[in-house]
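# Examination of the molecular architecture
Given next are the chains, with one letter for each unit.
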Amino acid sequence: MIRKIKAEDKTDVLKISSKIWEGDDYIPQIFDEWVKDPHSIFAGLWVDKKLIGFGKLTFLSPTDIWLEGLRKDPQTKIKGVGKQLTAYYFDFLKGKNISSIRFSTYFDNIASIRFNEKTGFKRVLTLSLKVLKIGNSKKKPLPDNISAPVDFIQLREYLKNSSYLNLCNNFIGKGWVVHSCSEQLLQQFVNENKVIVWQENGKIKGAGIYSEVFYKDEFWISLLEAENEEIFTGIKDHFINIALEKKKKYLNILVPKNNNLLKFCNKTGFESWEQENDFFLYELPKDIIRKITGIHS
C-alpha cells in the first residue's frame, strides 16, 4: 500500500532514515516541514503494515516537478520499492501539464543512479559540492564595496553575463533542490534580502545569493559571481558573518567545472566530502514526460 505520510508516521520514517548515510541522513531535519508542505506529496510504501520506503514529489512551480528523499529500508529484502513509488508519482502526474521532472543525487548513490537511468533520466549537470567549516570562526571585517539591499534591474542585467549561471546551465541550488534561475526567482531572492553585490564606481563587479535551507548546521550559497579573488573573499566573508549570526557551522556551495570559483574555494579552505564532481543533476526527457502525462502539446 502506498499513501501520504502523516505526522504520526514520524517514528517509522526516522527508523529507516537512521540506517542511511551512517545515521547522518537529513530527513530528521526536514520531516515536519515535508509533512506540512502543501506543494508536495510525501508518500510511503507499506508492506504487511510495515513502512519499507518513502519519497517526495514537489511542485517547484505549477509545471516543474522535483523528486527527492527516496529511501528504502536497507534491511528489507523486498525489491522494486523505488519502482513502485516512482510509478505512484507518475500516475499522479497523468493529465497534468508538466514541463520538467528532475532530481539530484550524490555520485556514490549507485543504486539510485542505476534505477533512475533505467527509468529514462539523463544526467544534465555535474557540479562540485564544496564545504567550508566555520564553527570556530570570528566575524570578518568587510570592505566598503559590499552593499545591500540590491536593485533588481541592475542585478538582472549583471547576471545576464554570469559565468556561474552559464556553466550551471542557468540552474541554481537551494540546498540539494535545483531551480531554473528565472526572473521570478531572482526577484524573490531580492525581496527576501538574500542578495549582496560588490560595487565599484556604481557598477556591480560581483554578486552573491544565499538560501534558507532546512539543514540545521548548513548555510547555503546559491550563487557566487566574482571577477577576482578579492571580490570572492569579500562576498565569502560577508556570508560567513551572516552564517555565524544564524549559528551555522558550514558554508556550502555548488561549483561548476572550468570556473575560477573552484580555484578560489580550494585556496580558501573549502573541501569536498570525498571528491570533486560529486553532485549530479538528472532530468527526464520531454518525450518520456509526454508519455507519463498523456499530454502531447
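See the structure shown above.
Residues numbered from 1 in each chain as written. Predicted model: local features only at pLDDT ≥ 70, side-chain atom pairs only at ≥ 80, totals over all residues. Heavy atoms only, no water.

## Quick look at the nonpolar core
Heads up, the rule is: Each nonpolar core is a collection of buried residues, namely Ala, Val, Leu, Ile, Met, Phe, Trp, Tyr and Cys, held together in the definition by side-chain atoms within 4.5 Å. Buried residues are those whose accessible area, probed at 1.4 Å on protein chains only, stays under 20% of the maximum for their type, while exposed residues exceed 50% and partly exposed ones sit between those limits. Contacts between residues were defined by any pair of non-hydrogen atoms, one from each residue, lying within 4.5 Å.
Of all hydrophobic cores here, the largest spans 93 residues; its most connected members are I101 and L251. Setting aside its immediate chain neighbours within four residues, L251 contacts K130, V131, L132, I134, F219, I221, K236, F239, I240, A243 and F270.

## Regarding the pattern of salt bridges
Applicable threshold: Counted as salt bridges are all cases of a side-chain nitrogen of Lys or Arg within 4 Å of a carboxyl oxygen of Asp or Glu. Working definition: helices are DSSP H or I runs of at least four residues, strands are E runs of at least two. Numbering for both runs from the N terminus.
Under the criterion given, the structure shown has 17 salt bridges. For D9, the salt bridge identified is with R3, shortest N-O distance 2.9 Å. Classification of D9 as buried rests on a relative accessible area of 5%. Measuring nitrogen to oxygen at the nearest pair gives 3.1 Å for the salt bridge that ties K130 to E276. Of the two residues, K130 sits in strand β6 (residues 122-133) while E276 sits in the loop between α9 (260-267) and β14 (279-283), which places them 146 residues apart along the sequence. Residue E276 is classed as partly exposed on the basis of its relative accessible area of 29%. Bridged by salt links that share partners, the residues R156, E157, K160 and E183 form one connected network.

## Side note on the sheet that holds strand β4 (residues 64-72)
Put simply, the rule is: Pairing between strands is defined by DSSP: at least two bridges between the two strands are required. All axes here are fitted lines through C-alpha atoms, helices being fitted over the stretch that makes contact, and every angle between N-to-C directions spans 0 to 180 degrees.
Taken together, the 12 strands give an open sheet; going across it, the order is β1-β2-β3-β4-β5-β14-β6-β13-β12-β11-β10-β7, and neighbouring strands pair in mixed fashion. The open sheet terminates on both sides in strands that have one partner only, identified here as β1 (2-4) and β7 (146-147). Taken strand by strand, helix α3 (residues 81-92) contacts β1, β2 (40-47), β3 (50-59), β4 and β5 (100-106), and its axis lies near 140 degrees from that of β2. Taken strand by strand, α9 contacts β6, β12 (218-226) and β13 (250-255), and its axis lies near 155 degrees from that of β13.

## A short note on the environment of L51
As for its placement among the helices and strands, L51 is situated in strand β3. Spatially, the C-alpha atom of L51 lies 15 Å from that of I20, the residues being 31 residues apart in sequence. L51 has contacts with D12, V13, I16, G44, L45 and W46, leaving out every residue within four places of it along the chain.

## Digging into the pairing of β6
Bridge analysis of β6 against β14 gives 5 bridges, and the strand direction is antiparallel. Bridged to K122 within β14 is E283. Strand direction decides the pairing type here: β6 and β13, joined by 6 bridges, are antiparallel. In the sheet register, K133 faces β13, and the bridge partner there is Y250.

## A closer look at unusual backbone geometry
At the junction of A148 and P149, the peptide bond is cis and its omega measures out at 0 degrees in the coordinates. A positive phi angle, near 65 degrees, is found at N170, a position not held by glycine. Within the fold, N170 resides in the loop between α6 (163-167) and β8 (171-174). With phi around 55 degrees, N193 is a residue other than glycine that occupies positive phi space. Following the sequence through the fold, N193 ends up in the loop between α7 (183-191) and β10 (195-200).

Note that all results are geometric; they support no functional claim without further evidence.
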